[in-house]
Amino acid sequence: MITANYHTHSTFCDGSDTPREIVGEALKLGMTHLGFSGHMDVGVYMKFDDYLAEIKKLQREYRDNIEILCGVELDNLYDPKYSENVDYVIGSTHYLDVDPERIFSVDYKPEAVVQLCKEFFGGDYYKLCKAYYELEAKIIDKFPCTFIGHFDLVTKFNYVLHFVDETDRRYLAPAYEAMDHLVSKGVMFEVNTGQSLRGKLYPSIPLLRHLKEIGGEIIISSDAHKATDLLRKFDMAVQVAKECGFDHTNYLTMKRGKPESIQIEI
Ligand SMILES: [Zn+2]
Ligand SMILES: [Zn+2]
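If you're wondering where the values come from, they're calculated on a predicted model, not measured in any experiment. (Residues numbered from 1 in each chain as written. Chains lettered and ligands numbered in written order. Predicted model: local features only at pLDDT ≥ 70, side-chain atom pairs only at ≥ 80, totals over all residues. Heavy atoms only, no water.)

A. Region of the structure containing the environment of Thr 11. Structurally, Thr 11 is set in the loop between β1 (4-5) and α1 (19-28). When the C-alpha atoms of Thr 11 and Thr 249 are compared, they prove to be 28 Å apart, with 238 residues separating the residues in sequence. Each residue touching Thr 11, except ones within four places of it in the same chain, is listed here: Ser 16, Asp 17, Thr 18 and Pro 19. (Helix = DSSP H or I, 4+ residues; strand = E, 2+ residues; numbered from the N terminus. Contact = heavy atoms within 4.5 Å.)

Structure follows, in C-alpha cells:
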C-alpha cells in the first residue's frame, strides 16, 4: 500500500480543508509521508509566508508521527522565486503563453479551450497541444522541479470535446519530445489520480509507457483538494503503472535539507 502523497491543496489555495485537518486525516489513513503543494500561479495563489510558517509548524509538531514536507505547485508562467525556501517543487503547466496580456487556461473550462484554439491555432488542436508541450519542456530551464505535475493536462477536456486522438503520432511526437527533454534533466513525473473518477490518469497510458522506455521515474499522487482524497484511486495508479512496466514508485524524504527519492516496490 502506498502511504505517501506529495500533491495536496489546502485552504491556503483552492483546497477545502486546513493543513491541520489534512494532517489529521493522513494519520487516520496510516500515511507515513505527506507533502503539501500549495498553488502559486497566475490564477490561484496564496499568502506564501503564512503558508510556509503553518506547514513548518505542523512539520515540527508531528515529526514523530509522520514526515510532513512543505512543497509548492509552481506554474510554468509564475515567478520562479517561489521555488526557493520549499522542500520540493511540482512543476506544472496550466496555461499557454500565447498572449502576454491575457491568461489562457487549458484546464478551467472546455469553452475556454475551444476559444483559445480558435483564436490562436486556427482550430487545430494538434497545434495547440504541440505549443503546450513545447512550453512544458521549458519549465526546467525556469526553476528546479522535483517532479512534473499532470504532464498531459492539456487533454483534460478531451473526454467532452474529443479534440485529439491521444494515440495519434501528431499528438504523441511533441509530447514524447518534451518528456525526453525533462527526463534527460533528471526530473520525475507524477502519476496523478486527480481525474480518476472519469477513468483518467495523467499521464495517459501511451505516455506512461514511453516514460518507462526512456528510464523515467514516477511518483503516485492524488492532487487532493480535500483531505479524504489524499490516497484516492492509488490502487488504480499502481495497476496502470505496473501494466506500463514500472516495478516501483518513489517517496520523497528530506535529507540534509534536500528531497531525496526512495524507491518503493509496487
Ligand atoms: Zn495543477
Ligand atoms: Zn494541483
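From this point, the narrative continues.
B. Seen up close, the pairing of strand β8 (residues 188-192). Among the 5 residues of β8, 5 are classified as buried, and the element is accordingly described as predominantly covered. Of the two faces of β8, the one holding Met 188, Glu 190 and Asn 192 and the one holding Phe 189 and Val 191 are both buried throughout. The pairing of strand β7 (residues 147-148) with β8 spans 2 bridges and is classified as parallel. Across the sheet, the residue bridging to Ile 148 is Phe 189, located in β8. Here 4 bridges tie β8 to strand β9 (residues 218-221), and the two strands are oriented parallel to one another. Bridge pairing links Asn 192 to Ser 221 in β9. (Buried < 20%, exposed > 50% of the residue type's maximum accessible area, 1.4 Å probe, protein only. Pairing = 2+ DSSP bridges.)

C. A look at the coordination of the zinc ion (ligand 1). Protein coordination of the zinc ion (ligand 1) is provided by Glu 73 (OE), His 94 (NE2) and His 150 (NE2), with donor distances spanning 2.1 to 2.2 Å. Spacing between the donor residues of the zinc ion (ligand 1) along their common chain follows E-x20-H-x55-H. (Donors = N, O, S within 2.8 Å, 3.2 Å for Na, K, Ca; no water.)

D. Spotlight on the coordination of the zinc ion (ligand 2). The protein atoms donating to the zinc ion (ligand 2) are His 7 (NE2), His 9 (NE2), Glu 73 (OE) and Asp 223 (OD), with metal-donor distances spanning 2.1 to 2.3 Å. The sequence pattern formed by the donor residues of the zinc ion (ligand 2) is H-x1-H-x63-E-x149-D. Taken as an interatomic distance, the gap from the zinc ion (ligand 2) to the zinc ion (ligand 1) is 3.4 Å; Glu 73 donates to each of them. Taken together, the positions of His 7 in the loop between β1 and α1 and Glu 73 in strand β3 (residues 67-75) put the pair 66 residues apart, joining distant regions of the chain.

E. Summary view of the state of the cysteines. For the coordinates displayed, the defined rule picks out 0 disulfides. Just so you know, Cys 117 is unpaired, no disulfide at all, and the nearest cysteine sulfur is the one on Cys 129, 8.2 Å from it. With no disulfide of its own, Cys 145 lies closest to Cys 70 among cysteine sulfurs, the gap being 16 Å. A residue is classified by how much of its surface remains accessible, and Cys 145, at 10% relative accessible area, is buried. (Disulfide = S-S within 2.5 Å.)

F. The arrangement of the packing of helix α3 (residues 110-121) against helix α4 (residues 125-137) in detail. At a closest axis distance of 9 Å, the pairing of α3 and α4 adopts a crossing angle of 95 degrees. By the angle class used here, α3 and α4 are roughly perpendicular. Contacts from Val 113, Val 114, Leu 116, Cys 117 and Phe 121 in α3 reach Tyr 125, Lys 127, Leu 128 and Ala 131 in α4. Its residues assigned to classes, the contact of α3 with α4 shows 8 nonpolar, no polar and 1 charged. (Axes fitted to C-alpha atoms, helices over the stretch in contact; angles between N-to-C directions. Parallel < 35°, antiparallel > 145°, perpendicular 65-115°, else oblique. Nonpolar A, V, L, I, M, F, W, Y, C, P; charged D, E, K, R; others polar.)

G. Spatial organisation of the sheet that holds strand β2 (residues 33-40). Read from one edge to the other, the open sheet built from 7 strands follows the order β1-β2-β3-β4-β7-β8-β9, with strand pairing classed as parallel. Each having just a single partner strand, β1 and β9 make up the two edges of the open sheet. As defined by bridge partners, strand β4 (residues 88-92) adjoins β7 across 2 bridges and the pair is classed as parallel. Looking at the pairing, Ile 90 lines up with Phe 147 of β7. Here helix α9 (residues 234-243) sits on the sheet in contact with β1, β8 and β9, set at roughly 155 degrees to β9.

H. Representation of the pairing of β2 within the structure. Most of β2 is tucked away, with 8 of its 8 residues classed as buried. Burial of β2 is two-sided: the residues His 33, Gly 35, Ser 37 and His 39 facing one way and the residues Leu 34, Phe 36, Gly 38 and Met 40 facing the other way are all buried. The pairing of β1 with β2 spans 2 bridges and is classified as parallel. Considered in β2, the bridge of Ala 4 is made with His 33. In this view, the connection linking β1 to its parallel neighbour β2 by way of α1 has right-handed handedness. Crossover connection from β2 via helix α2 (residues 48-61) to parallel β3: handedness right-handed. (Right-handed = clockwise from strand over helix to strand, strands pointing away.)

I. Inspection of the environment of His 162 at higher detail. Tracing the chain through its elements places His 162 in the loop between α6 (158-161) and α7 (169-184). In this structure, the C-alpha to C-alpha distance between His 162 and Tyr 125, residues 37 residues apart in sequence, is 9.9 Å. There is a polar contact of 3.2 Å between the side chain of His 162 and the backbone oxygen of Tyr 159. (Polar contact = N/O pair within 3.5 Å; in protein donor to acceptor, adjacent residues only side chain to side chain.)

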